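# Residue-level structure breakdown
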Amino acid sequence: MSLFEVLQSLISDYTIRTVALGSATLGIVSGALGAFAVLRRQSLLGDAISHTALPGVALAFLLTGSRLPLTLMIGAGIAGWIGTLAVMAIVRRSRIKQDSALGMVLAVFFGIGLVLMTYVQRTPDAGKAGLDKFLFGQASTLMTRDVWTMGSIAGVALIVLFLFWKEFKLLAFDQEFGTSMGFPMRIIDILLTTLLVAAIIVGLQTVGVVLMSAMVVAPAAAARQWTDRLGLMVVLSALFGALAGVSGAVLSSLTDRLPTGPTIVLCISAVVLLSFLFAPNRGLVYNWLHGFRKRRNLAMDSVLLDLLELADQHGSRRHPHSPDALRSMSGNPLAVDKTLAELHQLGWVVRTEPGLWRLTAEGELQANRRLQELEVTR
Amino acid sequence: MNQTASDNALEVRDLTVAYHEKPVLWDIDLTVPKGILMAVVGPNGAGKTTLIKSVLGLLKPAAGQVSIFGRSYETSRPLVGYVPQRGSVDWDFPTCVLDVVLMGRYGSLGWIKRPGKADRDLAVQALGKVGMDKLASRQISQLSGGQQQRVFLARALVQQAELYFMDEPFQGVDAKTERAIIDILKELRSSGKTVLVVHHDLQTVPEYFDWVTLLNVRCIASGPVTDVFTEQNLRTAYGGRVAFKSQIAAGTEAEP
């Protein structure tokens, strides 16, 4: 199927349109709130919340017998929220650190969840329960009604995020300063974490509990590479989340037996990889080029200064010198010829006869400028 | 100032703080009159930061009362400004200098409301005072240690407080920043504000401050520098571990 056909079916095909809308919603909301989780070094909280949500899904089904997404999401939300509060309470009231508390709560809740899921599968109408999609996610079963539910939860979460933007920024940057000004930072913390719970349950059905944490961490990590502004980072993170969500979910619903969660995660991983390589300032390629340019400038500076020193020793600025003399002075003798060629191109050195070089008037000016800079920094 | 019911900016009574079983501060009584610059000195682990944090309600003391301008801390909170230790935040956070300074306005703004033009003007003005107005839009990860400290100071200035708590503002800063901080401290004092500074460098205490508190879990001494910054008090606070104290206490220009 060509790209054009995919785009066409995005507009015309009911299933694909629904899937795309749903996964865009989950990408936006988990990307936006994930940015805060990543900045607060709480990336693993996302993992814990999604895993602790699983027993909530199973219990909601067992208690109500309903498979309505809203019912299951409420169950997931309550369980995820209780799990998170348990983590916070353990950290506050004991000497156990956050990572251990997360690990414990995650394992206990997920274990209960798996037991309940197995129990549900064995009940008579197990096949119809369809709860297994909460493990690895399934996009192709999304219906308009589900998208409305997801959209409403996501919308409320984003509005609250916008309203309390200032408070959340304060929480993420300097919680104690916030407390000193009288803000109840613990309540703000619980509010932000509740929004994260909401973001995660929006994506559970599509991405699955096992890989949902990737939608919290990866878009934010990629967005951080591109910007130094919090607002822009949150917007970019939401966009990356939506991009990965749509492409992953559409790919998986167009292909037989391609699980949605893993496909979405592969898509967001590609975005992360590209960001790590090519983002300006922070990307690996940028840093590599920057380092290369810096080394070259350093080599040019040192040859310029060596030529100036040689000229001073001979008392005449016009006296030419062989590359051998420069090589003996240089910290990187192998690069001298190449550097001379580069300086020649700039018109800062000139070859008076084969194998002999001297500074031009411009070169002398540049060398003296470097010399002054060195003395200032010394 | 008619809103202030007491002549003292800060009164601490019977303050005791313990992490788990070990007391970090024991039965502290402290009175800080209005309009002075006070240094809080003491060896590592003496509880200097803990003192500030428990007064500000960041730590829950085991016992004791704190009153600020004669009222409870909750009532007097708008009168209090805070400069935490520079290392307490992540300087790689995606934000700029002006944005950090504006956080000092959040307290008076209250919930949900965003900083407006008046707040921005105040922030720019405070940045000018610390010599950072040209760096207002700079990303905070690109600041030197001294510049980070000055940003925190500017953030406290826009709080427009009456009583300031500063936790080691001179820690690891360059000479220029130290000068800038001292100038601001003196300016704050001359406009009638009170500043309490956790300080490390005993040598500069007589030069920079007019009152001093010597702390080592207990409050060893507190009062005007000329009265309480004595060799005997220093020896009690530091336990004979600092050999050059006698010269400092005598007020001579001593080399360490």
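Numbers given to residues run from 1 along each chain, matching the order in which its sequence is written. Working convention: letters from A go to chains and numbers from 1 go to ligands, in the order in which they are written. Note on the predicted model: pLDDT of at least 70 is required for a residue's local features to be given, and 80 or more for side-chain atom pairs to be given and counted; whole-chain, interface and lining totals, by contrast, use all residues. Side-chain numbers here rest on the full set of heavy atoms in the structure, without hydrogens or water.

### Some remarks on a nonpolar patch on the surface
Residue and element names in this part refer to chain A.
- A contiguous nonpolar patch, built from W226, L274, F278, V285, W288 and L289 and spanning about 600 Å² of accessible area, is present on the exposed surface.
- Helical segments are the DSSP runs of H or I of at least four residues, strand segments are the runs of E of at least two, and each set is numbered from the N terminus. Per-element accounting of the nonpolar patch gives the leading share, three residues, to helix 15 (residues 284-313).
- Note on exposure labels: buried denotes an accessible area under 20% of the residue type's maximum, exposed denotes more than 50%, and partly exposed covers the range between, all computed with a 1.4 Å probe on protein chains only. Since its relative accessible area comes to 48%, L274 is described here as partly exposed. The patches described consist of residues with a relative accessible area above 30% and no salt bridge, like charges being joined within 9 Å and nonpolar side chains (Val, Leu, Ile, Met, Phe, Trp, Tyr) within 5 Å. Under the convention used here, a 1.4 Å probe and the Shrake-Rupley method define accessible areas, while residue burial counts only the protein chains that appear. Within this document, salt bridges are pairs made up of a side-chain nitrogen of Lys or Arg and a carboxyl oxygen of Asp or Glu, the two lying within 4 Å of each other.

### Considering the pattern of salt bridges
All names here are of chain B.
- Applying the stated criterion to the full structure yields 23 salt bridges over all chains.
- A salt bridge links R105 to D119, with the nearest nitrogen and oxygen atoms 2.9 Å apart. Here the residue R105 occupies a position in the loop between helix 3 (97-102) and helix 4 (106-109), and D119 occupies one in helix 5 (residues 117-129), the gap between them amounting to 14 residues.
- Overall, D119 belongs to the buried group, its relative accessible area being 10%.
- Salt-bridge contacts for R189 lead to D210; the nearest nitrogen and oxygen are separated by 2.4 Å. Placement of R189 in helix 7 (residues 175-190) and of D210 in the loop between helix 8 (205-208) and strand 9 (211-216) is noted, with a sequence separation of 21 residues between them.
- On the basis of relative accessibility, which here comes to 26%, the residue R189 falls in the partly exposed class.
- Overall, the relative accessible area of 26% leaves D210 in the partly exposed class.

### Section: the domain arrangement of chain A
- Annotation comment: domain bounds sourced from an automatic or database domain assignment. Examined at the domain level, chain A breaks down into domain 1 (3-279) and domain 2 (286-377).
- Taking the mean C-alpha position of each, domain 1 of chain A and domain 2 of chain A sit 58 Å from one another.

### Description of the nonpolar core
- The criterion is simple. A nonpolar core is a set of buried Ala, Val, Leu, Ile, Met, Phe, Trp, Tyr and Cys residues joined through side-chain atoms within 4.5 Å. With 168 residues, the main nonpolar core has F165 and L185 of chain B as its most contacted residues.
- Ranked by residues supplied to this core, first place goes to helix 11 (residues 185-207) of chain A with 13 residues.
- We call two residues contacting when some pair of their heavy atoms lies within 4.5 Å. Setting aside anything within four residues of it in sequence, one finds F165 of chain B in contact with L10, I52, V55, L56, V80, G81, Y82, V83 and L196 of chain B.
- Membership of the second largest hydrophobic core comes to 15 residues, among which are V303, L304, L307 and L326 of chain A.

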